[in-house]
Amino acid sequence: MKTILEQLVAKKQKKQKSFAVLLDPDKLSMPAFQKIIRLGVECKVDYFFIGGSLLAGDSLHELVLEIKNTTSIPVILFPGNNLQIDPNADGILFLSLISGRNPEYLIGQQVVAAPILRNTRLEILSTGYMLVDCGEQTTVSYISNTTPIPYEKSSVAACTAMAGEMLGMKMIFLDGGSGSQKPISRKMIATIRKVVDVPLIVGGGINSPGKAVDAWLSGADVVVVGNGIEKDPNLLIEIAEKVQELNAASASDVH
Ligand code: 1GP
């Protein structure tokens, strides 16, 4: 069976896009998550990402199990720190915050997490994580004590992504931070797409089907949506329809 990464690379080669729903265990009640999970299964979303900058509660484990007991859609941890590891998930974004210059988030947390992860069956998805300034300071830039890449500096973002790929990272995650005022610009996504081959994940402030389509058409392979779906779960249905349309169109182009 193909790994999560192999599947993603294969989809990218076929110009097929993916949709990830981000669930932050602190944000909603279990019944509210159950509704989103049910919609995600009905709409065949590609991934559930789970995590948050801070987890004040202890519902990570419960949420992972809830999804695993409901569906075979992969559950991928998107950890804010090395405490957010759950062996029952399918994979983990093993992030290095390459837009920042804080060694703790470039390598420190990873050193602590590595021996713990070695004892799990989680698929380790080595990911260059890049924060972009999308209008206001986000929790993640505050917590990580890093300066995000300026919104207009697509060339800085491109060089950062290239460096991540050259260092061996298997994916790049371009993030405006949860609930950002605006999404990452189409220009920045397209600039990065031209210079790296690895799958590109884009998230932050994508709160309408149009913004999701913009990100995919600019070169994102995976679009991540959290806040928008927490506020209105029907957004999940609308965005899932869009990705299916895009994928059907590119499949008919190929044939
Ligand atoms: C945050 O990219 C994710 O790290 C999702 O952002 O919650 O704004 O959709 P939103």
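As the structure is a prediction and not an experimental result, all values here were calculated from the model. (Residues numbered from 1 in each chain as written. Predicted model: local features only at pLDDT ≥ 70, side-chain atom pairs only at ≥ 80, totals over all residues. Heavy atoms only, no water.)

A. Up close: the packing of aromatic side chains. The full count for this structure, using the stated rule, is 7 aromatic pairs. With 5.8 Å between their ring centres and 75 degrees between their planes, F78 and Y129 make a pair best called edge-to-face. Here the residue F78 occupies a position in the loop between β3 (75-77) and β4 (91-97), and Y129 occupies one in strand β5 (residues 123-131), the gap between them amounting to 51 residues. Each member of the aromatic cluster is reached from another via a ring pair, and the members are Y47, F49, F78, Y129 and F173. Sitting over the face of the ring of Y151, K182 holds its NZ or CZ atom 3.9 Å from the ring centroid. (Phe/Tyr/Trp six-rings, centres within 6.5 Å; stacked < 30°, edge-to-face > 60°. Helix = DSSP H or I, 4+ residues; strand = E, 2+ residues; numbered from the N terminus. Lys NZ or Arg CZ within 6 Å of the ring centre and 35° of its normal.)

B. Local environment of the site of the ligand. The environment of the ligand is formed by 13 residues, the closest being D175, S178, G179, G226 and N227. S178 places a polar side-chain atom, nitrogen or oxygen, 2.7 Å from an oxygen atom of the ligand. With respect to the ligand, the backbone of N227 contributes an N or O atom lying 2.8 Å from an oxygen atom. Notes on the ligand: free accessible area 310 Å², of which the protein chains cover 96%. Residue composition of the shell around the ligand, by class: 4 nonpolar, 8 polar and 1 charged. (Near = heavy atom within 4 Å. Polar contact = N/O pair within 3.5 Å; in protein donor to acceptor, adjacent residues only side chain to side chain. Areas by Shrake-Rupley, 256 points an atom, 1.4 Å probe, with all protein chains shown as cover. Nonpolar A, V, L, I, M, F, W, Y, C, P; charged D, E, K, R; others polar.)

C. Structural context of helix α1 (residues 4-13). Inspection of α1 places I4, L5, L8, A10 and K11 among the buried residues, and these make up the whole buried set. At the C-terminal side of α1, K15 shows a positive phi close to 60 degrees. (Buried < 20%, exposed > 50% of the residue type's maximum accessible area, 1.4 Å probe, protein only.)

D. Expanded view of the packing of helix α6 (residues 154-166) against helix α7 (residues 186-195). Interaxial distance between α6 and α7 falls to 9 Å at its minimum, and their mutual angle equals 35 degrees. For the pair α6 and α7, the crossing hand works out as right-handed. In this structure, α6 contributes S154, A157, A158, A161, M162 and E165 to the contact, and α7 contributes K187, M188, T191, I192 and V195. (Axes fitted to C-alpha atoms, helices over the stretch in contact; angles between N-to-C directions. Left-handed = near helix turned anticlockwise from the far one by under 90°. Contact = heavy atoms within 4.5 Å.)

E. Structural view of the pairing of β4. By the criterion of burial, β4 is predominantly enclosed, with 6 of the 7 residues buried. Where β3 lies against β4, 2 bridges are found, and the strand directions are parallel. Residue L77 lies in a different strand from β4, and its bridge partner there is I92. With 7 bridges joining them, β4 and β5 adopt parallel strand pairing. Pairing of F94 across the sheet is with S126, part of β5. (Pairing = 2+ DSSP bridges.)

F. How the structure looks around the environment of H61. Tracing the backbone shows H61 in helix α3 (residues 60-70). Residues H61 and M30, 31 residues apart in the sequence, show an inter-C-alpha distance of 12 Å. Here H61 is in contact with D86 and N88, once residues within four sequence places are set aside.

G. Layout of helix α2 (residues 30-42). Helix length check: α2 (13 residues) gives 18 Å between terminal C-alpha atoms against 18 Å at 1.5 Å per residue, within 8%. Residues M30, F33, I36, I37, L39 and G40 constitute the buried set of α2. After α2 finishes, the residue K44 shows a positive phi value of roughly 55 degrees. (Expected span 1.5 Å × (residues − 1).)

H. Spatial organisation of the sheet that holds strand β1 (residues 18-23). If you walk around this closed barrel you meet the 8 strands as β1-β2-β3-β4-β5-β6-β7-β8, and the pairing is parallel. The mean angle between the axes of side-by-side strands here comes to 30 degrees, regardless of whether they run parallel or antiparallel. Relative to strand β8 (residues 222-225), strand β7 (residues 200-203) runs parallel, the two being bridged by 3 bridges. Pairing of I201 across the sheet is with V222, part of β8. Packed on one face of the sheet, α7 meets β5, β6 (171-175) and β7 and runs near 170 degrees to β7.

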